[in-house]
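Remarks on the overall topology
Spelled out from the first residue to the last, the chains are:
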Amino acid sequence: SAEIISGTDMRTAILEELASEVEAMKAKHGKVPGLVTILVGENPASVSYVTLKVKTALKLGFHEIQDSQPESISEEELLALIERYNQDPDIHGILVQLPLPKHINEEKVIYAINPDKDVDGFHPVNLGRMVIGGDNGGFLPCTPAGIQEMIVRSGTETSGAEVVVVGRSNIVGKPISVMMGQKGRGANSTVTMVHTRTHDIAEHCKRADILIVAAGVPGLVKPDWIKPGATVIDVGVNRVGTSTTGKAILSGDVDFAEACKVAGKITPVPGGVGPMTIAMLMKNTVKSAWMHLERTMADTLPR
Ligand code: NAD
């Protein structure tokens, strides 16, 4: 039976590593990472995501601002708010929780964030840096970064491995496909990206040493699509029912119970990729703080 890759345990380990970095930063600069989470309106899913991000940031000792704005905020006002945080030296990460109300252009909002504070990694400058690769000061989008980190920490060899990614969205499928094919740690793979127009998805999946599924279709991947011993990363989060206590019952894109009999390693849903996404957001914020603080130091040195 497959080894379960626990995103929850990995998150704990990463947050411990980050907490000691925050201590080191305090000792060296007398500063901590600053993160602002901007929430527009009261969409229950968004509220619960933001609450979790705020809680995690506070636990790590960040300077955290939770900026809640009414649904009625104008696009102009939101852009002005972002500009204020762009200029704030104590803020290193700006996160605008999506989706935004219909009267606000999401693209405009993402473009307005200073790319050097875009810890979500959604700004085209950061997507460009990701495509170029190497350590170029960019921020990787959090879910793909979390997927790659899980693969590395699970001890799965990626160099030369056949990776098949199901899905081609801008926030998961496309970026993780690029990242796995890059040079460097946790990459150097041979990548195939499949989607709704692919002729025979099962045939592609069967070749995968590492199968990454981000389609949003419960039970899409059947056990006979999985190569025996493969590492399976299930990104899907699908609401498949409601418990007697009214809580959502979640399921991934993979038939988990059956897949466990074939796969070598597999991530559960929940408790897999989800927790890693938050850990990577925190990691990006710490990275941003280091970059801003050390750059500020360099700027104030006598020339
Ligand atoms: P999306 O709907 O934007 O993209 C889904 C992609 O899958 C599309 O590119 C589509 O071509 C492909 N696809 C859909 N049905 C398919 C099928 N039957 N066969 C082959 N390909 C198919 O979704 P997304 O934003 O990439 O998210 C995908 C899933 O991952 C969702 O369930 C989402 O909730 C989840 N997700 C989880 C996290 C996390 O942190 N755990 C983060 C982001 C997304």
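Report follows, based on the coordinates. (Residues numbered from 1 in each chain as written. Predicted model: local features only at pLDDT ≥ 70, side-chain atom pairs only at ≥ 80, totals over all residues. Heavy atoms only, no water.)

**Structural notes on the pairing of strand 4 (residues 93-96)**
- Of the two faces of strand 4, the one lined by Gly93 and Leu95 and the one lined by Ile94 and Val96 are each fully buried.
- In the sheet, strand 2 (residues 34-40) pairs with strand 4 via four bridges, with the strands oriented parallel. Paired with Ile38 across the bridge in strand 4 is Val96. (Buried < 20%, exposed > 50% of the residue type's maximum accessible area, 1.4 Å probe, protein only. Helix = DSSP H or I, 4+ residues; strand = E, 2+ residues; numbered from the N terminus. Pairing = 2+ DSSP bridges.)

**Let's talk about the packing of aromatic side chains**
- Scanning the entire structure with this criterion turns up zero aromatic pairs.
- It is Arg84 that lies over the ring of Tyr85; its NZ or CZ is 5.3 Å from the centre.
- Positioned over the ring face of Trp225 is Lys222, at 5.7 Å from the centre of the ring. (Phe/Tyr/Trp six-rings, centres within 6.5 Å; stacked < 30°, edge-to-face > 60°. Lys NZ or Arg CZ within 6 Å of the ring centre and 35° of its normal.)

**Quick word on helix 1 (residues 7-29)**
- Taking 1.5 Å per residue, 23 residues should reach 33 Å; helix 1 reaches 32 Å between its end C-alpha atoms and fits that length.
- Looking at the residues trailing helix 1, positive phi occurs at Gly30, about 65 degrees. (Expected span 1.5 Å × (residues − 1).)

**Things to note about the pattern of salt bridges**
- Taken as a whole and assessed by the stated rule, the structure comprises 15 salt bridges.
- The salt bridge partner of Glu75 is Lys108, with a shortest N-O separation of 3.0 Å. With Glu75 in helix 3 (residues 75-87) and Lys108 in helix 4 (residues 106-112), this residue pair connects regions lying 33 residues apart in the sequence.
- The buried category is assigned to Glu75, whose relative accessible area is 18%.
- Residues joined by salt bridges that share partners form a network here, namely Glu17, Glu149, Arg153, Arg185 and Lys283. (Salt bridge = Lys/Arg side-chain N within 4 Å of Asp/Glu carboxyl O.)

**Brief notes about the side chain of Thr192**
- Within the secondary structure layout, Thr192 lies in strand 6 (residues 190-194).
- According to the relative accessible area criterion, Thr192 is buried, its value standing at 17%.
- Ignoring sequence-local partners within four residues, the contact set of Thr192 consists of Val163, Val164, Val165, His204 and Arg207. (Contact = heavy atoms within 4.5 Å.)

**Observations regarding the sheet that holds strand 4**
- Strand order in this open sheet of three strands is 3-2-4, and the pairing throughout is parallel. A single partner strand is all that each edge strand has here, and the edge strands are strand 3 (63-69) and strand 4. For this sheet the average axis-to-axis angle between neighbouring strands, irrespective of direction, equals 15 degrees.
- Pairing of strand 2 with strand 3 involves seven bridges; the strand directions are parallel. Across the sheet, residue Val40 finds its bridge partner in strand 3, namely Gln69.
- Helix 2 (residues 44-59) rests against strand 2, strand 3 and strand 4 of the sheet, and its axis sits at about 165 degrees to strand 2.
- Sheet strands in contact with helix 3 are strand 2, strand 3 and strand 4, and its direction is about 175 degrees off that of strand 2. (Axes fitted to C-alpha atoms, helices over the stretch in contact; angles between N-to-C directions.)

**As for the environment of Phe139**
- Within the secondary structure, Phe139 is located in the loop between helix 5 (124-132) and helix 6 (142-153).
- In this structure the C-alpha to C-alpha distance between Phe139 and Asn126, which are 13 residues apart in sequence, comes to 5.8 Å.
- Phe139 has contacts with Pro115, Asp116, Lys117, Asp118, Val119, Gly121, Asn126, Asn284, Lys287, Ser288 and Met291, leaving out every residue within four places of it along the chain.

**Thoughts on unusual backbone geometry**
- With omega at 0 degrees, the peptide bond leading from Leu98 into Pro99 counts as cis.
- One can find Pro99 in the loop between strand 4 and helix 4.
- You will see that Asn188, though not glycine, has its phi angle at about 60 degrees, which is positive.
- Residue position: Asn188 is located in the loop between helix 7 (173-181) and strand 6.
- Given a relative accessible area of 33%, Asn188 falls into the partly exposed group.

**Comments concerning the packing of helix 1 against helix 6**
- Where helix 1 contacts helix 6, the two axes come as close as 11 Å, and the packing angle between them is 95 degrees. When the interaxial angle is binned, helix 1 and helix 6 end up roughly perpendicular. Together, Gly7, Met10, Ala13, Ile14 and Glu17 of helix 1 and Glu149, Met150 and Arg153 of helix 6 make up the contact between the two elements.
- Grouping the amino acids of the contact of helix 1 with helix 6 by side-chain chemistry returns four nonpolar, one polar and three charged. (Parallel < 35°, antiparallel > 145°, perpendicular 65-115°, else oblique. Nonpolar A, V, L, I, M, F, W, Y, C, P; charged D, E, K, R; others polar.)

**Describing the sheet that holds strand 7 (residues 210-213)**
- The six strands lie next to each other as 1-11-8-7-5-6, forming an open sheet whose pairing is parallel. Of all strands in the sheet, those with a lone pairing partner are strand 1 (3-4) and strand 6, marking the two edges.
- Sitting on the sheet, helix 7 touches strand 5 (162-166), strand 6 and strand 7, and the angle it makes with strand 6 is about 165 degrees.

**Focus on the site of the ligand**
- Near the ligand lie 22 residues; those nearest to it are Arg168, Ser169, Ile201, Val237 and Thr277.
- Between the ligand and Arg168 there is a distance of 2.9 Å, counted from an oxygen atom to a backbone nitrogen or oxygen.
- Residue Thr277 places a side-chain N or O atom 2.8 Å away from an oxygen atom belonging to the ligand.
- When the ligand is considered free in solution it has 850 Å² of accessible area, and contact with the protein chains removes 70% of it.
- Broken down by element, the residue count for the shell around the ligand peaks at three residues, all from helix 10 (residues 273-300).
- Here the shell around the ligand is built from residues that sort into eleven nonpolar, ten polar and one charged. (Near = heavy atom within 4 Å. Polar contact = N/O pair within 3.5 Å; in protein donor to acceptor, adjacent residues only side chain to side chain. Areas by Shrake-Rupley, 256 points an atom, 1.4 Å probe, with all protein chains shown as cover.)

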